[in-house]
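Structural overview for review
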Amino acid sequence: MEEERQQHTTENRKEYQGLPVTSAAIIFPVIYLAKNNVGSAIFPYLFQSFMILISILFILNIRVRKPNMKGLLILG
């Protein structure tokens, strides 16, 4: 859909459509760091649950605002 949109317009969007894929680079390491606090028996189920949830958020038609310069500095 994004390629089709770019063929028809040159506007810079201020929002993502669905959860940005790069957010997984933040979410999954944080979940992995929680492994010691959750317990090794429950962690695989927790990790799979988050993986399914994030996969659904990738394809849902939700709007997520792109971070401004201040937000990018905080993420960095």
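Residues numbered from 1 in each chain as written. Predicted model: local features only at pLDDT ≥ 70, side-chain atom pairs only at ≥ 80, totals over all residues. Heavy atoms only, no water.

**Structural notes on the environment of arginine 65**
Among the secondary structure elements, arginine 65 is positioned in strand β2 (residues 63-65). Sequence spacing of arginine 65 and glutamate 15 is 50 residues, and the spatial spacing of their C-alpha atoms is 4.2 Å. Filtering out sequence-adjacent residues up to four positions away, arginine 65 remains in contact with Lys14, Glu15 and Tyr16. (Helix = DSSP H or I, 4+ residues; strand = E, 2+ residues; numbered from the N terminus. Contact = heavy atoms within 4.5 Å.)

**Here's the deal with the packing of helix α2 (residues 24-33) against helix α4 (residues 43-59)**
Where α2 meets α4, the axes come as close as 11 Å, and the angle between the chain directions of the two elements is 165°. The orientation of α2 with respect to α4, classified from their angle, is roughly antiparallel. Note on packing geometry: the crossing formed by α2 with α4 is right-handed. Only Phe43, Phe47, Phe50, Met51, Ile54 and Phe58 of α4 make contact with α2, whose side of the interface consists of Ala24, Ile27, Phe28, Ile31 and Tyr32. Of the residues assigned to the contact of α2 with α4, the class counts are eleven nonpolar, no polar and no charged. (Axes fitted to C-alpha atoms, helices over the stretch in contact; angles between N-to-C directions. Parallel < 35°, antiparallel > 145°, perpendicular 65-115°, else oblique. Left-handed = near helix turned anticlockwise from the far one by under 90°. Nonpolar A, V, L, I, M, F, W, Y, C, P; charged D, E, K, R; others polar.)

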